[in-house]
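A look at the structure
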Amino acid sequence: MAELKILTFPDRRLRLKARPVAAASDRLRRLADAMLAAMYAAGGVGLAATQVNVQLRLLVMDTSLERDSPQCLVNPEIVDASGEVISEEGCLSVPEFTAEVSRAQRVSVRARSIDMEPVELELDGLAAICVQHEIDHLDGKLFIDYLSPLKRRMLRKRLEKTERASRPEAVGL
Ligand code: NI
């Protein structure tokens, strides 16, 4: 699969809602591999298929310090959430911008593996934040949607002026 391009805000395609994956396939596995490669190349900890213009409910993440624990979740759903944590988030689709976002501290996730085997995960810390952020992407939602409208408008103006080629590496989810 060719190298994937990560869409950036305010691209309207980031607002599309992804549909569930029906069955495992080589195409799905190749997509997940290409998404992991794009995520690692960009220095991100997570990437949703929506961000590479594929409207399927697939996300990849690696929240390990060693960057050696890739995870692929298909059709992920949060079935339980508790606590609250505020953290500084970034996003590969919103370059050069971070903001404090409030999320659930712990989540229970029901999903499928890349081979469509049922998976249940109990996540906290960065992994819990990341999975909430990526599932938002699959629903066409960005972390900046949690900011005030004024802050969002200022960000949009700034990004529209930014030359893409000149942007530094973003820390992104
Ligand atoms: Ni993101």
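Above: the structure in question.
Below or above, wherever it landed, is the structure these notes cover. (Residues numbered from 1 in each chain as written. Predicted model: local features only at pLDDT ≥ 70, side-chain atom pairs only at ≥ 80, totals over all residues. Heavy atoms only, no water.)

Here we come to the overall build of the protein. Secondary structure summary: the protein contains three helices and seven strands in total. When the helices and strands of the protein are listed from N to C terminus, the series reads α-β-β-β-β-β-β-β-α-α. The C-alpha atoms of the protein give 15 Å as radius of gyration, which agrees with the globular expectation for 173 residues (16 Å, within 12%). Counting the 173 residues in the protein, one finds 49% classified as buried. Taking the contacts inside the protein whose residues are at least 6 apart along the sequence as the reference set, 69% of them involve residues at least 24 apart. Put simply, the protein shows about 9,100 Å² of open surface, and 50% of that area lies on carbon and sulfur atoms. (Helix = DSSP H or I, 4+ residues; strand = E, 2+ residues; numbered from the N terminus. Rg over C-alpha atoms; globule rule 2.2 N^0.38 Å. Buried < 20%, exposed > 50% of the residue type's maximum accessible area, 1.4 Å probe, protein only. Contact = heavy atoms within 4.5 Å. Areas by Shrake-Rupley, 256 points an atom, 1.4 Å probe, with all protein chains shown as cover.)

As judged from the seven bridges shared by strand S6 (residues 106–112) and strand S7 (residues 118–124), these two strands associate in the antiparallel manner. If you follow Ala-111 over to S7, its bridge partner there is Val-119. Hairpin connection from S6 to S7: five residues lie between these consecutive antiparallel strands, with Met-116 at a positive phi of about 70 degrees. (Pairing = 2+ DSSP bridges.)

Another aspect to go through is helix H1 (residues 26–42). Taking 1.5 Å as the rise per residue, H1 with 17 residues should run 24 Å; its terminal C-alpha atoms sit 24 Å apart, in good agreement. All of the buried residues along H1 are Leu-28, Leu-31, Ala-32, Ala-34, Met-35, Leu-36, Ala-38, Met-39 and Ala-42. For H1, the elements touching its buried residues are strand S1 (46–48), strand S2 (58–61) and strand S3 (71–82). (Expected span 1.5 Å × (residues − 1).)

Counting across every chain of the model gives nine salt bridges. With a shortest N-O distance of 2.7 Å, Arg-29 and Asp-115 are connected by a salt bridge. Separated by 86 residues along the polypeptide, Arg-29 in helix H1 and Asp-115 in the loop between S6 and S7 bring together distant segments of the chain. Overall, the relative accessible area of 30% leaves Arg-29 in the partly exposed class. With its nearest N and O atoms 2.9 Å apart, the salt bridge here joins Arg-103 to Asp-136. Remark: Asp-136 occurs in helix H2 (residues 125–138) and Arg-103 occurs in strand S5 (residues 94–103); sequence separation between them is 33 residues. Arg-103 gets classed as buried once you look at its relative accessible area, which sits at 6%. Through salt bridges with shared partners, a single ionic network connects Lys-17, Arg-57 and Asp-139. (Salt bridge = Lys/Arg side-chain N within 4 Å of Asp/Glu carboxyl O.)

A general tendency of soluble globular proteins is for nonpolar side chains to be buried together. Membership of the largest hydrophobic core comes to 23 residues, with the highest contact counts inside it found for Met-35, Leu-47 and Leu-58. Among the elements that line this core, the one with the most residues is H1, at nine residues. Here Leu-58 is in contact with Leu-28, Leu-31, Ala-32, Met-35, Ala-48, Ala-49, Leu-73, Val-74, Ile-114 and Leu-138, once residues within four sequence places are set aside. Counting 18 residues, the second-largest nonpolar core is a separate cluster that includes Ala-18, Leu-121, Cys-130 and Leu-138. (Core = buried A, V, L, I, M, F, W, Y, C linked by side-chain atoms within 4.5 Å.)

Now for the side chain of Gln-132. Structurally, Gln-132 can be placed in helix H2. We classify Gln-132 as buried; its relative accessible area is 11%. The contact partners of Gln-132, leaving out residues within four places of it in the chain, are Ile-78, Arg-103, Ala-104 and Val-107.

Next up on the list: the state of the cysteines. Across all of its chains, the model carries zero disulfides by this definition. We note that Cys-130 lacks a disulfide partner, and the nearest cysteine sulfur, in Cys-91, lies 10 Å from it. (Disulfide = S-S within 2.5 Å.)

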